[in-house]
Amino acid sequence: EVQLVESGGGLVQAGGSLRLSCAASGFTFDDSAIGWFRQAPGTERERVSCMSSDGSTYYADSVKGRFTFSSDNAKSTVYLQMNSLKPEDTAVYYCAARGPPLAFCVFLNDSDYWGQGTQVTVSS
């Protein structure tokens, strides 16, 4: 079975921090692009951060300098460390992945696999 399971969301005050986790199973993690999207009610889905199969990373301008993507290949898990959170970061955060040959962040909108999402709420 293929699964992406997010965790780590919650309620935090502006300026606070959260760390999201995405545990992957059922596919070859090391050959895949994997990353994070978010969507707030009434908004378009936004690509937040991801890592391509070659190890390169991407950050949306809205989170650059505040969020950090990391991965633990041994655990098939990726993380999103979110610091200096703002109310506009409030959204459901989704983990997504796709395999080769197009295992790159630019193709992640057409991901093969999606997690169930985890809610992040930032209060002011």
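To start, this report covers the structure provided alongside it. All values reported here derive from a predicted model rather than from experimental measurement.

The rules behind each value
Residues numbered from 1 in each chain as written. Predicted model: local features only at pLDDT ≥ 70, side-chain atom pairs only at ≥ 80, totals over all residues. Heavy atoms only, no water. Phe/Tyr/Trp six-rings, centres within 6.5 Å; stacked < 30°, edge-to-face > 60°. Helix = DSSP H or I, 4+ residues; strand = E, 2+ residues; numbered from the N terminus. Buried < 20%, exposed > 50% of the residue type's maximum accessible area, 1.4 Å probe, protein only. Lys NZ or Arg CZ within 6 Å of the ring centre and 35° of its normal. Disulfide = S-S within 2.5 Å.

## Some words on the packing of aromatic side chains
And then number 1: Tallied over the entire structure, the rule returns 2 aromatic pairs.
And then number 2: Here the aromatic rings of Phe 37 and Trp 114 are separated by 5.0 Å at their centres, their planes lie at 50°, and the arrangement is tilted. Linking Phe 37 in strand E4 (residues 33–39) with Trp 114 in strand E10 (residues 113–114), this pair joins segments that are 77 residues apart in sequence.
And then number 3: Taking the relative accessible area as the measure of exposure, Phe 37 reaches 0% and is therefore buried.
And then number 4: Under the relative-accessibility criterion, Trp 114 is labelled partly exposed at 31%.
And then number 5: Here Arg 47 stacks its cationic end above the ring of Tyr 58, 4.0 Å away from the centre of that ring.

## Here's the deal with the state of the cysteines
And then number 1: A complete count under the given rule lists 2 disulfides for this structure.
And then number 2: Bridging Cys 22 to Cys 95, the disulfide has an S-S length of 2.0 Å. On the S-S bond that ties Cys 22 to Cys 95, the torsion sits near -85°, and the link is left-handed. Linking Cys 22 in strand E3 (residues 18–25) with Cys 95 in strand E9 (residues 91–98), this pair joins segments that are 73 residues apart in sequence. Both residues of the pair, Cys 22 and Cys 95, belong to the buried class.
And then number 3: Cys 50 shares a disulfide with Cys 105; S-S distance 1.9 Å. Here Cys 50 is found in strand E5 (residues 46–51), whereas its partner Cys 105 is found in the loop between E9 and E10, with 55 residues between them in sequence. The same class applies to Cys 50 and to Cys 105, which are both buried.
And then number 4: Take the cysteines of the protein chain that form disulfides and number them in order along the sequence; they join up as 1-3, 2-4.

Nothing here speaks to function; it is geometry throughout.
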